Amino acid sequence: MVRKLNANGGIMITASHNPIEWNALKFVNSLGTFLTQSQIESLINIYHHSSFLLKPSTEYKDIIEDNSAYDIHISEILSSVDVEKIKNKKFKVVIDSCNGAGSIITVKLLKELGCEVIPINTDVTKIFPRNPEPIPENLKQLCEVVKKENAQVGFAQDADADRLAIVSEKGEGIGEEYTLAFAVKNILSKIKDATNLFVATNLSTSKMVEDICNEYNVKCYKCSRKNC
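The rules behind these values
Residues numbered from 1 in each chain as written. Predicted model: local features only at pLDDT ≥ 70, side-chain atom pairs only at ≥ 80, totals over all residues. Heavy atoms only, no water. Helix = DSSP H or I, 4+ residues; strand = E, 2+ residues; numbered from the N terminus. Buried < 20%, exposed > 50% of the residue type's maximum accessible area, 1.4 Å probe, protein only. Contact = heavy atoms within 4.5 Å. Pairing = 2+ DSSP bridges. Axes fitted to C-alpha atoms, helices over the stretch in contact; angles between N-to-C directions. Parallel < 35°, antiparallel > 145°, perpendicular 65-115°, else oblique. Left-handed = near helix turned anticlockwise from the far one by under 90°. Nonpolar A, V, L, I, M, F, W, Y, C, P; charged D, E, K, R; others polar.

S.K.: What's the story with the side chain of S168 in this structure? I'm lost.
M.R.: By the element assignment, S168 lies in the loop between β6 (164–167) and α6 (177–188). Residue classification places S168 among the buried residues on the basis of a relative accessible area of 10%. Leave out the neighbours within four places in its chain, and S168 touches V146, Q152 and I174.

S.K.: What's the story with the pairing of β6 in this structure? I'm lost.
M.R.: The side chains of a regular strand alternate between the sheet's two faces. Two strands pair when backbone bridges link them, and strand β5 (residues 153–157) and β6 are joined in this way by four bridges, in the antiparallel orientation. Within β6, the residue paired with Q157 across the bridge is L164. The loop that links β5 with its antiparallel partner β6 comprises six residues; one of these, A161, has a positive phi angle of about 60°.

S.K.: Explanation requested: the packing of α6 against helix α7 (residues 208–215) in the structure shown.
M.R.: Interaxial distance between α6 and α7 falls to 9 Å at its minimum, and their mutual angle equals 15°. On the basis of the axis angle, α6 is roughly parallel to α7. The element α6 and its partner α7 pack so that their crossing is right-handed. Residues E177, Y178, L180, A181, V184, K185 and L188 of α6 form the contact with α7, whose participating residues are M208, V209, I212, C213 and E215. A class-by-class count of the residues in the contact of α6 with α7 yields nine nonpolar, no polar and three charged.

S.K.: Whenever I open this one, the environment of V81 confuses me. Can you help?
M.R.: Within the secondary structure, V81 is located in the loop between α2 (69–78) and α3 (83–89). Put simply, V81 and L113 are 32 residues apart on the chain and 9.6 Å apart in space, counted from C-alpha to C-alpha.

This is the structure in structure tokens:
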């Protein structure tokens, strides 16, 4: 949305997968990406040296509420996948968004893809019903519902919906380290000639991705925030 609105930057209010007693601010630059190391240091220096202007609230510009982000983001996703092929599968999906940021948009996206959606913990007016980190020991409810409803898959998100864990059709928590590995293997398996391709991941990604890349003779680059 920073890019779409040509904004100078963005602020995200989230403590990611941390428990409910924690909160934080994440800053986005004008390119719509997280701040670089030098930008982080510059921002911290501004704060510590109080080198900013204070103004009374009467001089603030009007606050404009824009709820178009859901539709814009969903549209971008739908343009990148074979929607009809997914719709024809008629997947039954259980989604557990931990009452967090993914609660509304994820249900909407899955329905756009023709899925039968069984939502649990998708009420943003309520507190987190579990530890937000989507690791198997925190997903017992999701596992039970997947089995009970005979769903094909269960998806679990953390509070800010930037982590996705998978529960199998057997109601088993697979673990989020498999999510990207499955995606990489699926994409590479469909490419006839991957000679000039490479895969880039961050440093916290499982070595499984490297092993899959080796299987298809594709280079895998591990990136830090500084050089990704």
